[in-house]
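Each chain, written out:
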There are 8 protein chains.
Amino acid sequence: MPENGTWNVYLSGEIHSDWRERIADGIREAGLNVGLLAPVTDHGASDDVGVDILGPEESGFWKDHKGAGVNAVRTQTLLRKADVVVVRFGDKYRQWNAAFEAGYAAALGKPLVTLHDAELTHALKEVDRAAMATAETPEQVVEILRSATAR
Amino acid sequence: MPENGTWNVYLSGEIHSDWRERIADGIREAGLNVGLLAPVTDHGASDDVGVDILGPEESGFWKDHKGAGVNAVRTQTLLRKADVVVVRFGDKYRQWNAAFEAGYAAALGKPLVTLHDAELTHALKEVDRAAMATAETPEQVVEILRSATAR
Amino acid sequence: MPENGTWNVYLSGEIHSDWRERIADGIREAGLNVGLLAPVTDHGASDDVGVDILGPEESGFWKDHKGAGVNAVRTQTLLRKADVVVVRFGDKYRQWNAAFEAGYAAALGKPLVTLHDAELTHALKEVDRAAMATAETPEQVVEILRSATAR
Amino acid sequence: MPENGTWNVYLSGEIHSDWRERIADGIREAGLNVGLLAPVTDHGASDDVGVDILGPEESGFWKDHKGAGVNAVRTQTLLRKADVVVVRFGDKYRQWNAAFEAGYAAALGKPLVTLHDAELTHALKEVDRAAMATAETPEQVVEILRSATAR
Amino acid sequence: MPENGTWNVYLSGEIHSDWRERIADGIREAGLNVGLLAPVTDHGASDDVGVDILGPEESGFWKDHKGAGVNAVRTQTLLRKADVVVVRFGDKYRQWNAAFEAGYAAALGKPLVTLHDAELTHALKEVDRAAMATAETPEQVVEILRSATAR
Amino acid sequence: MPENGTWNVYLSGEIHSDWRERIADGIREAGLNVGLLAPVTDHGASDDVGVDILGPEESGFWKDHKGAGVNAVRTQTLLRKADVVVVRFGDKYRQWNAAFEAGYAAALGKPLVTLHDAELTHALKEVDRAAMATAETPEQVVEILRSATAR
Amino acid sequence: MPENGTWNVYLSGEIHSDWRERIADGIREAGLNVGLLAPVTDHGASDDVGVDILGPEESGFWKDHKGAGVNAVRTQTLLRKADVVVVRFGDKYRQWNAAFEAGYAAALGKPLVTLHDAELTHALKEVDRAAMATAETPEQVVEILRSATAR
Amino acid sequence: MPENGTWNVYLSGEIHSDWRERIADGIREAGLNVGLLAPVTDHGASDDVGVDILGPEESGFWKDHKGAGVNAVRTQTLLRKADVVVVRFGDKYRQWNAAFEAGYAAALGKPLVTLHDAELTHALKEVDRAAMATAETPEQVVEILRSATAR
C-alpha cells in the first residue's frame, strides 16, 4: 500500500574501490526506487578540477583550495538533496572529507549509514555512533535500502 | 480552482490491525490526491531486520538497537517527506515508538492527526493536545484528508 | 531564458467575495505557470467541518476548536507548500485568521502580498509592512505574479 | 528541585486597557521568575513614531509604513527573545497586528496563550486553536505562568 | 582548562518515583554545574491544572485537553531551554507523553539520555536508538552528566 | 552511475551584459541537466514595475520601495528554489543588490559562485570569501556546473 | 513595566567616518540598554590581518582571501549574536561587504536598519526594502533604538 | 567602543599534544574575553567512559558505541554552545571524529578554524575549504581570536 516515492541516496567517501558499482548493481537487480548521488569519483579529475577550470596556482594549498571549492558546489548540493547518506571508509588514505560529510549530514538530520571493515571500528566510533546502521559490505547497504524503501 | 498537488501522508503507529488498509480504501474510493507512506508493518520482519541484515547479536539490547536503527532509516525519512502525519494508538502494546514519532513530527511543524479509541483519551492527552484532530475511526481520518486536500 | 518552474501561490483570507476567481481567471488568461492553493472557501462547510466529521459538541468553543483544527491541517500544509502567500482582507468580519496566516508566512520567510481597499490601510499597517507589496485589486496581484514568474 | 531560570513572556496585543498592569501586579505578588516584554503601549507615540523620527509623509500609507517599520524593530526582536507569547484581543479595533504576531510566534514554535472575552470565541477560533490555552482574565494568565514556571 | 558553563538538563517522564531527587542529590554531591528542569510532578495538580485555572469541563476529553495545554506551556519551553534531555520510563502507566517529549527533543537535535529497567528494553527500542545513552539507575545518569560537564 | 537530477541555478547580479546568455548557451551545448533562474533583466521594466502595477508615487524613495518590493517577490522565491547561486559583478553601477543576494544565499547555506573581473578582487573580498569558487568568465561557470552536475 | 533586557546591536558597514561613535554617544546619553557590536574598524589592520597572522601571500587574491576569512570569524559571529543589525553605506567605496552582511542578516530574520544619504536611495533600493527603517543620520538610529528598547 | 561579550570557543580534535594549553595560555596572557570548551582529553577515560558507567560489553563495537554515545552528550552540546569552533589535526591517528565535528559545525553555520601542519594540507583540503582560516600554530589561533573579539 505505501507509495514511498523515489529516494535520493548520496554515496559519500572512498573513491578507490568498486563499492558504488556494487550498490548500483544491487539496487538495479532489486528494482528499488532509489536514485543514487555521488561525488566526482575520478581522483585525478577531482584533485585538478580547480586549477583546470580557474587557472594554475603555485602553492599546493591554494591549488587544493580551488579544487575543494569546485567539488563542494557538487557535494554540498548533493548532501542537501539526499534523503539518506551512506559513507564509505576504506583502509587507505585518511578520508577526512568522508568524515566531514558524515558530520554535515548528521547536523542536517539526514539518516546516516556507514560502510567499513571491522578493523576500522575503533577509529570510527564517533561516526558510527551518529549512524543508524554500520555495514561491512555493499550488499548489506542494498538490503538496508530495500527495507527502507519497500512498498 | 485550487490545485493543491499530491499530499504525502505518513501513517505511523499500530501494526496489528487493518486501519491502514481502511484508510487506503477510503482514499481510493474518494479519489483523493494522497500518497500514503508507512513503516514496515510486518512485525517479525521489523524486529529482526537488524540482525538479518547486519549479523546476529547475543544481547537482546543490541539486537533491538540494530533493528531500530535500520527501521529508523525508513521512518525518519518518511517523517521528513510527509506533509501530514497520522498516528494510530491501539489498546495493546505500549507503542512508545508511535508517541516518539508524534513528538518528532510536532517539532518539525508537521500537522498531526491522532487516531485511537475513547478509552485511551486520558493516557494520550499530551499527544492529542499537539494534534490538529483526534479521530476514533479510519473513516474519520479519510474525511479529514478529503477536507484538507479538496480542490 | 530563465525556466522558473511552477509557482505555488496560496490565496489566504476573505471567503465572501470573488477575488480568488478573478485571480484565477487572470492567471489563466496570462498563461502564467502558477498553481493556486486555497483554504476551504465554503463558509458553512468550513465552520461545521469539525463536528461534521468528529461528532457534535455542546459548547461553541469546542465546536469551533474542532473545526479550526481540521481546517488547520489544510492551511498549515498549504502555507508550507507555498512559494508566495497572498492575503486578502475585506471590510466585513475581523478575519483574524487571515492576519494569523500572514504572520505565520512571514516567520517562515515566504514573500507576502496583501490585498485590500485603501480604507483599511491604517488598521493593517503592521501586516502591510511585512508584505513585499500591497495591492487594491486582484488584477494587480495577477500583474505582480506575472512579473515574478516571467521567463 | 527544578531551577527553571527566568522566563521571558511577551505581552502582545490590545493597548487600550490595563491587562498588562494586572498581569505585572499578579506576577509581582506571586513572586514569579518572569520578565515581561511589551510593545510600545502609548497609542499616539506608536502611530507617529515613524514620521517623528524619520521625517513627515504626505500619504497616510507611507506614514503608517514608516511607523510600523520602527515598531517592528521592537516587536520582532521581542518575539524572538520571548519564551512564551500572550496575545490579548479586546472588543474594539480590529487588532490585526495582534493576530499577525500570534501567527509569527506560532511559526517560531513559541507556546502561545490567548486572552479575550467569550464573545470573541468564534472570530478567534483559528488563533485559539494554535494556542496552548485561552484565558478570559489576566489573573488566569498569571496562574498559567505560575504553573509553567513553578520550581 | 575548559569552562563549560552551566548546563540545563531537563528531566522528563515518570512522576511516581524519586528518580529526580536521586539525580538532584547526586549532582549536588558531585558539585556539577548543572541546572535541573522538570515538569510539574504533582500528579493531581498536573491533571487538574486546566480546569482549575480555566474553568470546569463536562467532557473528560476537553478537561484533559485543557490540562495538557497548560502543562505544554511549561514542557515545550523547558525542552527548548534544555541542553540535554533525560527521559525516564517506569513500569507503570503508558507514559506516552515521555516518549512524545523524547521525539520532540530528538527532532530539535538535543542529546537524549534514556533511563529505564532492563525489562523495558524491547518496548523502548526506537526511543533508546535515538538516545546517546541508556541508563538503568539515576546514579548512572549523574555519572554521564559528570563526564559531559567536567572541566 | 549517479543520477543527480535537475539542478536549479540562480543567476544573480549584473543586467547590462550578456553573461547570462553565454552561460545558457554553454549549458545547452554541454547538455547539462540545469534549469536557469534569473531576475527581471530588463532594467527599465524592473525599475518601474512597482508604480506601473501599483500606482504612481511622487517621492523617488517610495517609487523605488514599491519596485524593489515587487522584484523581491521574484528574487526571494528564486533564492529559495535555487540549488546553486551564481552572482555576477560588473564594473559599472554599485550593484548592492547583487551583494545583498549573495549574503542572503550564504545564510541559507546555498553554494555560491562569484563571477567578476580581476580588478574587482579587493573590493569583493568578503563576498568571494563566502563563495565556493570565483570565476572570471561565463565559460568557467559552465565548467563548474558541468563538474557539479556530471553523472 | 516591560523589562526588555540588554539588546545587542551590530553596526555594520562604512569604516571611514565617525557614525559609530555618534551612535555610541547617543546611546550613552540616552542611557539605553544596548550593547554595540562592530567589525574591526581600523582599515589597514583589517586588510592585512590575514597575512599578518597567517603568513604572506604573493597573489593579491589570496592575501584578500586570508584577510576576509579572519574578519569573517568576527563578523559572522556578531551577525548571529545581534538582535538588530544597522548597516551604514557611505558615498565612497563600493562596500559590497556591507550589502552582503545586510543580506545575511535578512535571511537570518534579524531586523535591519539602513543608514545612508538620500542620494544613495536608488542604488540601495533592494537593501532598503529589506530594512525596517532607513535613516539618514546616526541620531535617527539612536531614536529608533530608544523606541525599540524603551521600558 | 564595541562590547562584544564573552565568546565560547570549542577546541575540537587532537588530544595527544598540548595545543589546548598553549591556546589557553595565550588567551590568558592577552586577556581575551573567551571561554574555552573542550572534549574529555584524557584518552583512556574517554575510551572507557561508556563501559565504566553503563556496564561491560564483550564486543569491541558495542564498547566503543557506548563510549562514543556518552562522549557525544558532551561534544554535541559544546558544538551548539560554541560561537567559534577550532579543529586540530595531528599527524598521528586518523581523527575521523575531528573531521566529523568540523562537518557538524559547518552545517550549523559556526565559523570554523583549522589547525594543522603544512604536510596535512592535501589530505585536509575539503575541511580547510570549509574553514574561515587555517593556522599552523596555536599562537596563530590566539591571534585570530584576538582579532575576532577585540573591542
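Relevant structure appears above.
Calculation criteria
Residues numbered from 1 in each chain as written. Chains lettered and ligands numbered in written order. Predicted model: local features only at pLDDT ≥ 70, side-chain atom pairs only at ≥ 80, totals over all residues. Heavy atoms only, no water. Helix = DSSP H or I, 4+ residues; strand = E, 2+ residues; numbered from the N terminus. Rg over C-alpha atoms; globule rule 2.2 N^0.38 Å. Buried < 20%, exposed > 50% of the residue type's maximum accessible area, 1.4 Å probe, protein only. Pairing = 2+ DSSP bridges. Right-handed = clockwise from strand over helix to strand, strands pointing away. Least-squares fit on C-alpha atoms with pLDDT ≥ 70 in both. Contact = heavy atoms within 4.5 Å. Axes fitted to C-alpha atoms, helices over the stretch in contact; angles between N-to-C directions. Buried area = accessible area lost by both parts, 1.4 Å probe. Salt bridge = Lys/Arg side-chain N within 4 Å of Asp/Glu carboxyl O. Polar contact = N/O pair within 3.5 Å; in protein donor to acceptor, adjacent residues only side chain to side chain. Nonpolar A, V, L, I, M, F, W, Y, C, P; charged D, E, K, R; others polar.

1. Structural notes on the overall build of chain A
Consideration 1: From N to C terminus, chain A includes six helices and five strands.
Consideration 2: Put simply, chain A runs from its N terminus to its C terminus through helices and strands in the order β-α-β-α-α-β-α-β-α-β-α.
Consideration 3: Rg of the C-alpha trace for chain A: 16 Å, near the compact-globule value of 15 Å for 151 residues, within the 12% margin.
Consideration 4: By its C-alpha atoms, chain A is 60 × 35 × 30 Å across when sized along the principal axes.

2. Digging into the pairing of strand β2 (residues 34-37) of chain F
Residue and element names in this part refer to chain F.
Consideration 1: Neither face of β2 is exposed, since V34 and L36 on one face and G35 and L37 on the opposite face are all buried.
Consideration 2: Strand direction decides the pairing type here: strand β1 (residues 7-13) and β2, joined by four bridges, are parallel. When the sheet's bridge partners are listed, N8 is paired in β2 with G35.
Consideration 3: Handedness of the crossover is the feature at issue here: the chain leaves β1, passes through helix α1 (residues 19-30), returns alongside β2, and the resulting connection is right-handed.

3. Details of the relation of the copies chain G and chain D
Consideration 1: Between the two copies, chain G and chain D, the superposition gives an RMSD of 0.0 Å; the rotation angle is 90° and the shift along the axis is 0.0 Å. In the structure described here, the two chain copies are related by an operation that fits a four-fold rotation axis. In terms of C-alpha distance to the rotation axis, chain G has K81 of chain G as its closest residue, with the C-alpha 8.6 Å off the axis.

4. Comments concerning the relation of the copies chain E and chain B
Consideration 1: Between the two copies, chain E and chain B, the superposition gives an RMSD of 0.0 Å; the rotation angle is 180° and the shift along the axis is 0.0 Å. Such a turn and shift between the copies fits a two-fold axis.
Consideration 2: The overlap is high: 100% of the interface residues of chain E also sit at the interface in chain B, so the same surface is used on both sides.

5. Observations regarding the sheet that holds strand β2 (residues 34-37) of chain D
All names here are of chain D.
Consideration 1: In spatial order, the strands read β2-β1-β3-β4-β5; together these five strands make up an open sheet with parallel pairing. On the outer flanks of this sheet lie β2 and β5 (133-135), each paired with one strand and no other. Neighbouring strand axes in the sheet, compared pairwise and without regard to direction, differ in orientation by 25° on average.
Consideration 2: Across four bridges, the pairing between strand β3 (residues 84-88) and strand β4 (residues 112-115) is parallel. Across the sheet, residue R88 finds its bridge partner in β4, namely L115.

6. Points about the interface of chain G and chain D
Accessible area lost on assembly of the parts is the figure often given for the size of an interface.
Consideration 1: Taken residue by residue, the interface counts 23 residues in chain G and 23 residues in chain D.
Consideration 2: Surface buried jointly by chain G and chain D totals about 1900 Å² across both partners, of which 63% is contributed by carbon and sulfur atoms.
Consideration 3: When the shortest N-O distance is used, the salt bridge between K81 of chain D and D83 of chain G registers 3.6 Å.
Consideration 4: The interface formed by chain G and chain D includes six residue pairs in polar contact (both at pLDDT 80 or more).
Consideration 5: Breaking the side of chain G that touches chain D down by element, the ones donating at least two residues are β5 (133-135) and α6 (138-149) of chain G.
Consideration 6: The element contributing the most residues to the side of chain G that touches chain D is α6 of chain G, with six residues.
Consideration 7: In the side of chain G that touches chain D, the residues fall into 13 nonpolar, seven polar and three charged.

Just geometry here; none of it tells us what the structure is for.
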